[in-house]
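Results of the structural survey
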Amino acid sequence: MTKTMTCVACPLGCQLSVTLDGDTVVSVTGNTCKRGDAYARTEISNPVRSLTTTVRCEGGLHPVVPVKTTLPIPKDRMFECMKLINETVVQAPVEVGQVLIHNILGTDAHVIATNNN
Amino acid sequence: MLNYDLVVIGGGPAGMAAALRARDFGIRDIIILERAETLGGILEQCIHTGFGLHYFGEELSGPEYAARFIELVEDQKIEYKVDTMVTDVTEDKVVTAVNKTDGLLKIQAKAVILAMGCRERPRGALSIAGTRPSGIMTAGTAQKYVNLDGYMPGKEIVILGSGDIGLIMARRMTLEGAHVKMVCELMPYSGGLTRNIVQCLDDFGIPLHLSTTVIATHGNGRLEGVTIAKVDDKLNPIPGTEEYVACDTLMLSVGLIPENELTKNIGIGMDRITNGAVVNEMRETDHEGIFACGNVLHVHDLVDYVTLEAQIAGEGAARYILGQKAAAAEYLTLTAGNGVRYTVPQRVNIRSEESVKVYFRVGRIYKNAKVVLTCAGKVVSSKKKVKLAPGEMENVIIPNEVLATLTVNDEIKIEVEE
């Protein structure tokens, strides 16, 4: 079986063609870099996405500070992570790169600040 | 009157990169004037990732991308003023600005870089019938509410326009618990990056209705719903296809307009397609010593390209200030041939000693087409492209050895061949 998908690893958006034997990836074509190959393989076995959102922050210039996960997290756990992130409140000052939530829900990804506030 | 070698108007990615490059070329006396309360420009509210893959070779969020340049501006001790609004620039490069601490500022510059960015096309620019309740806003305004001010502007959302900001906001609102009912797009294709359709809409099962627009808004006080309709190939709504969609928020992502009031006041020649200045390969306008770069020049899809363009303008301005400008310039206006909507730069100095990279956009989607560069009737390059789309900027290089063979009466043409 062949599946087509758009690679989201970068803004190029290569059209990938994935040849499958059952659940096993036989080959990936259409990618212009090795990240496309990796993307197609994880997309079949365990789709993951980077999560970016904001965390409440008291005492800063803005009432929220932007954050991201240091690793992509399983796609089907995004809303679970959002719930925890939205229950979190931090105190200013916060610096770019500061870890605000360690190893969120056991995903190995940390939630870090992406701006100063 | 204050005196500076270089005044940069706008402290977003374009302004910062231009100022930094001018500093690299030895210009000491630089000031950046920024309207917002911090440097960084629109990147400050673009908290999603996808920035910097070309320039830094890693995927950053908007604020992280901006932070790298802010840090360099600080390290290089480049002077800047925030909360400062430039109200006028004259032909002889006198910049007038206002802020709360200095009051009225007048600065005589040797060179000026225009880096004011762009703004969103507002609701008033669309002729949507119906009432004028609250709950109708541009996607960028909603993005500021959510990402900087920390509050949600609505619960049941319809988005008109599938540009990248609209797509990004569809995901953002969904993650924060809102219900994004649909994204409507007037054109038969999306104006956004394909990856954003995948990761912002498909991932969350948000439908994208192409060739569809909003023809009326309903509700008093707060928006209660919109009427959508399919459009024909002339983009006119088709009678009988109207559908009522209940919602409390309509977000508009219907295009960006370079913010060129200052540019036009100077009397700089404008390009009617880009809505930005006409520039040469150093991004210098038709007024010597006044340069433009970034989204004020033409709307970019990637900030990485903004940075690269701003560096060219920064170098151009530095060379101008240092008196290193090529003496005998001979300009040739490029021809945007079949399928090409516009090129930047629009004109090229054929006496330029360096090859010139020309950026351009196509007018519609092409599959398996060729981008052909013809100089003086000879095909210089013909590049195969699997896909060309209006949302994705392309480029072609005019080699310096080809430029050297041209005269002002020759034609340089970029076109798409199917």
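Computed from a predicted model, the values in this text were never measured in an experiment.

For the rest of this paragraph, the subject is the overall build of chain A. Helix and strand content of chain A: 2 helices and 10 strands. In chain A, the succession of α and β elements from N to C terminus is β-β-β-α-β-β-β-β-α-β-β-β. A burial count over chain A gives 44% of its 117 residues as buried. Pairs at least 24 apart in sequence give 44% of the contacts found in chain A among residues at least 6 apart. If you sum the accessible surface of chain A, you get close to 5900 Å²; carbon and sulfur atoms cover 53% of it. Treating the 10 positive side-chain charges of chain A as one cloud and the 10 negative ones as another, the clouds have centres 5 Å apart.

This next bit is on the sheet that holds strand 11 (residues 136-138) of chain B. Residue and element names in this part refer to chain B. The 5 strands are arranged 11-18-12-13-14 in an open sheet whose pairing can be described as parallel. Taken across any chain shown, the strands that pair with only one partner, and hence form the sheet edges, are strand 11 and strand 14 (208-209). Alignment of strand 12 (residues 156-160) against strand 18 (residues 249-252), held across 4 bridges, turns out to be parallel. By the bridge assignment for strand 18, I159 is matched with M251.

Residue and element names in this part refer to chain B. Structurally, chain B comprises domain 1 (1-120 + 256-325), domain 2 (122-254) and domain 3 (328-418). Between domain 2 and domain 3, the C-alpha centre-to-centre distance is 36 Å. In this complex, domain 2 contributes 4 residues to the contact, which on the side of domain 3 involves 6 residues. Carbon and sulfur atoms make up 55% of the area that domain 2 and domain 3 hide from each other, which totals about 380 Å². Contact with domain 3 buries area across many residues of domain 2, yet Y189, L193 and T194 alone supply 82% of it, more than any other trio. Across the domain 2-domain 3 interface, the total number found is 0 salt bridges.

It is worth spelling out the sheet that holds strand 1 (residues 2-6) of chain A at this point. Residue and element names in this part refer to chain A. Taken together, 3 strands build an open sheet; the order of strands is 1-2-3 and the sheet is antiparallel. Only two strands of the sheet have a single neighbouring strand rather than two, namely strand 1 and strand 3 (24-29). If you compare each strand with its neighbour and ignore which way they point, the axes differ by 30° on average.

Take the pairing of strand 23 (residues 340-344) of chain B next. Residues and elements named next belong to chain B. The buried fraction of strand 23 is high, at 4 of 5 residues. Examined bridge by bridge, strand 23 and strand 25 (residues 356-362) share 4 bridges and lie antiparallel to one another. Residue V340 lies in a different strand from strand 25, and its bridge partner there is V362.

To continue, consider the packing of aromatic side chains. All names here are of chain B. Evaluation of the coordinates by the stated rule reveals 9 aromatic pairs over all chains. Ring centres 5.8 Å apart and planes at 55° place the aromatic pair F56 and F69 in the tilted group. Pair noted here: F56 is in the loop between strand 3 (49-51) and strand 4 (60-61) and F69 is in helix 2 (residues 62-75), with a separation of 13 residues, a long-range link. Under the relative-accessibility criterion, F56 is labelled partly exposed at 27%. Directly above the aromatic system of F56 lies the positively charged group of R68, at a separation of 4.8 Å from the ring centroid. The ring of Y331 carries R347 above its face, with NZ or CZ at 4.1 Å from the centroid.

Residues and elements named next belong to chain B. Taken together, the 9 bridges between strand 26 (residues 366-375) and strand 27 (residues 378-388) define a ladder with antiparallel strand orientation. Its bridge partner lying in strand 27, K367 is registered against K387. Between strand 26 and strand 27, which pair antiparallel in sequence order, lie 2 residues; one of them, A376, sits at a positive phi of approximately 50°.

What counts and what doesn't
- Residues numbered from 1 in each chain as written.
- Chains lettered and ligands numbered in written order.
- Predicted model: local features only at pLDDT ≥ 70, side-chain atom pairs only at ≥ 80, totals over all residues.
- Heavy atoms only, no water.
- Helix = DSSP H or I, 4+ residues; strand = E, 2+ residues; numbered from the N terminus.
- Buried < 20%, exposed > 50% of the residue type's maximum accessible area, 1.4 Å probe, protein only.
- Contact = heavy atoms within 4.5 Å.
- Areas by Shrake-Rupley, 256 points an atom, 1.4 Å probe, with all protein chains shown as cover.
- Lys, Arg positive; Asp, Glu negative; His and termini not counted.
- Charge placed at Lys NZ, Arg CZ, Asp CG, Glu CD.
- Pairing = 2+ DSSP bridges.
- Domains from an automatic or database assignment.
- Buried area = accessible area lost by both parts, 1.4 Å probe.
- Salt bridge = Lys/Arg side-chain N within 4 Å of Asp/Glu carboxyl O.
- Axes fitted to C-alpha atoms, helices over the stretch in contact; angles between N-to-C directions.
- Phe/Tyr/Trp six-rings, centres within 6.5 Å; stacked < 30°, edge-to-face > 60°.
- Lys NZ or Arg CZ within 6 Å of the ring centre and 35° of its normal.

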